[in-house]
Amino acid sequence: MAPWQEEILVPGRPSTLKLSEYLESGPHVPSGPPPGLDLPLTLLERRSGPQIPQVREPTKRMKRMAFTSFLRTPNGAEETCLKLDSAMLDSSYVAELVAAVLPDLPSLACDPQGIQDKHGCWFMQQALHFVPCELQELIQEELKGKILACSQHLHGNFVLQKCVELLPGTISFIIKELKNHVMEAAMHVYSCRVLQRIIERNDKRLFGRPDMIGVLETLLRLENLQKLVIEPYGNNVIRAVLACGTSLHVQKIMKVFACGEAGLLALARNRHGSLVLEKLLETLNGELRNELQAEREALMCAILGGTESSLFVQIALDRFGNYIAQRTIEVSEGQEQQRVQELLKSLGPKLRRAANGRHILQAARKRFGSTLSVTDLGS
């Protein structure tokens, strides 16, 4: 039996124990978590200003550290998360629990010791589902100056993603800390995810805030776009902007692909550039189409060209370019469809012999049906 359990079972004492009382009681160090019972917002009621009360008593600090260590273990994280999910706990207990471990939030999210911190990270992600509005300021205070490091951490980035998803009040704070490190974050394997979540909120009010405007201006600067479009992680951020941004944002990204046939060919054949170009085609034919009609026509003209040696023919059998050809077939309309069929016929039996060519044929048959001459395509 854990020491805190022994204390609770003393005859004549109530069967519940507040977390604040638990932290303040006795000199012993706990071997497990406090009981998940009904707890008032004692820590919140006692706090003054944006800071939670300072933990000065050695025994109380030792207990908190021991409880934090417990949360970093598989059993500790699982047991505590199960209690968070149980109907036995009300919001006051969760607020008390989160407030108690708040000073250890950065280390729980991304402890420098390595792999064990995934359990503390898991607990923090679960706890954020239950955090009341009153604690959002305190979370920001504990993470102040640590957002970039946390976003670049294997596990810590998930905690920030949860903050963006569940605690809207923290978004501006995260943006403010990242705005001077936008390119570094966009090209980082983990930080890019945090930027994506912020962009994917698709909140027009958020896009209008000065800090967010600064972030987007940095991302969409032409020299930065040229790097990000072909970057393994940066391309994900640009695709998020294409999916959730405004027509002005899309127009800025479009400039990267207005680089002549040679430049467009290189981007279409690039693993990451082709993903952005594919998303651009989708966006230009989506909800913003009426606002971006000129940009759509320009891109389709650049891909289809006016000769048999058009960009479409050069990328149709390419490992990455064939996806651009498939999207072009899917979104083609009117005279564009006739032009696509002419180019498909010029490729002839090559389509049937190549693995990528078969994908092109499948997309063509799906789009054109019986109007596509199978004889001319060598079927």
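Residues numbered from 1 in each chain as written. Predicted model: local features only at pLDDT ≥ 70, side-chain atom pairs only at ≥ 80, totals over all residues. Heavy atoms only, no water.

### Observations concerning the layout of surface pockets
At step 1: Taken as a whole, the largest pocket spans an internal volume of roughly 190 Å³.
At step 2: Taken together, 12 residues form the lining of the largest pocket, with L242, A243, T283, E287 and L288 sitting closest to its centre.
At step 3: If you list the elements that add at least two residues to the lining of the largest pocket, you get helix 18 (234-244) and helix 21 (271-284).
At step 4: Per-class residue counts for the lining of the largest pocket are four nonpolar, four polar and four charged. (1 Å grid on protein atoms, 1.4 Å probe; cavity = no way out; pocket = protein on both sides within 12 Å on 5 of 7 lines; lining within 4 Å. Points joined across faces, edges and corners; volume = space filled by probe spheres on them. Helix = DSSP H or I, 4+ residues; strand = E, 2+ residues; numbered from the N terminus. Nonpolar A, V, L, I, M, F, W, Y, C, P; charged D, E, K, R; others polar.)

### So, the UniProt feature "repeat: Pumilio" (unreviewed entry) in the chain
At step 1: In the numbering adopted here, UniProt assigns the feature "repeat: Pumilio" (unreviewed entry) to residues 177-214, 218-255, 256-294 and 302-345.
At step 2: Secondary structure across residues 218-255 divides into 74% helix and 0% strand, with the first and last C-alpha atoms of the span separated by 15 Å.
At step 3: Segment residues 256-294 splits into 64% helix and 0% strand. End C-alpha atoms: 16 Å apart. (UniProt positions renumbered as here; feature names shortened; annotations may be inferred.)

### Description of the packing of helix 18 against helix 21
Each pair of packed helices can be described by the angle between their axes along with the distance between the axes.
At step 1: Where helix 18 meets helix 21, the closest approach of the two axes is 9 Å, and the angle between their N-to-C directions is 0 degrees. The pairing of helix 18 with helix 21 is recorded here as roughly parallel in orientation. Residues N235, I238, R239, L242 and A243 of helix 18 pack against H272, L275, V276, K279, L280 and T283 of helix 21. (Axes fitted to C-alpha atoms, helices over the stretch in contact; angles between N-to-C directions. Parallel < 35°, antiparallel > 145°, perpendicular 65-115°, else oblique. Contact = heavy atoms within 4.5 Å.)

### A look at the nonpolar core
Soluble, globular proteins show a tendency: their nonpolar side chains are buried together.
At step 1: Core analysis: the biggest nonpolar cluster contains 89 residues, and I174, L219 and F257 have the highest contact counts within it.
At step 2: Broken down by element, the residue count for this core peaks at six residues, all from helix 18.
At step 3: Apart from residues lying up to four places away in sequence, I174 is in contact with I147, L160, C163, V164, V194 and I198. (Core = buried A, V, L, I, M, F, W, Y, C linked by side-chain atoms within 4.5 Å. Buried < 20%, exposed > 50% of the residue type's maximum accessible area, 1.4 Å probe, protein only.)

### Some details on helix 24 (residues 321-331)
At step 1: Within helix 24, nine of the 11 residues are buried, which leaves it mostly tucked inside the rest of the structure.
At step 2: Buried within helix 24 are the following residues: G321, N322, I324, A325, Q326, R327, T328, I329 and V331.
At step 3: Turning to helix 24, the residues buried within the fold contact helix 20 (260-268), helix 21, helix 22 (293-304), helix 23 (311-315), helix 25 (335-347) and helix 27 (355-368).

### Quick word on the packing of helix 22 against helix 25
At step 1: Packing of helix 22 against helix 25 leaves a shortest axis separation of 11 Å and a crossing angle of 15 degrees. With respect to each other, helix 22 and helix 25 are oriented roughly parallel. As for the relative orientation of helix 22 and helix 25, their crossing is left-handed in sense. Mapping the contact onto sequence places R296, M300 and L304 in helix 22 and E336, R339, V340 and L343 in helix 25. (Left-handed = near helix turned anticlockwise from the far one by under 90°.)

### Thoughts on the pattern of salt bridges
At step 1: One pass over the full model with this rule turns up 10 salt bridges.
At step 2: For E200, the salt bridge is made with R197, and the minimal N-O distance between the two is 3.0 Å. Taken together, the positions of E200 and R197, both in helix 14 (residues 191-200) and three residues apart, correspond to about one turn of that helix.
At step 3: Judged by relative accessible area, which is 36%, E200 ranks as partly exposed.
At step 4: The residue R327 makes a salt bridge to E330 at a minimum N-O spacing of 2.9 Å. You can see R327 and its partner E330 sitting in helix 24, three residues apart, about one turn around the helix. (Salt bridge = Lys/Arg side-chain N within 4 Å of Asp/Glu carboxyl O.)

### Quick notes on the side chain of E278
At step 1: Mapped onto the fold, E278 is located in helix 21.
At step 2: A relative accessible area of 19% means that E278 is categorised as buried.
At step 3: Aside from chain neighbours lying at most four places away, what touches E278 is Y323, I324 and R327.

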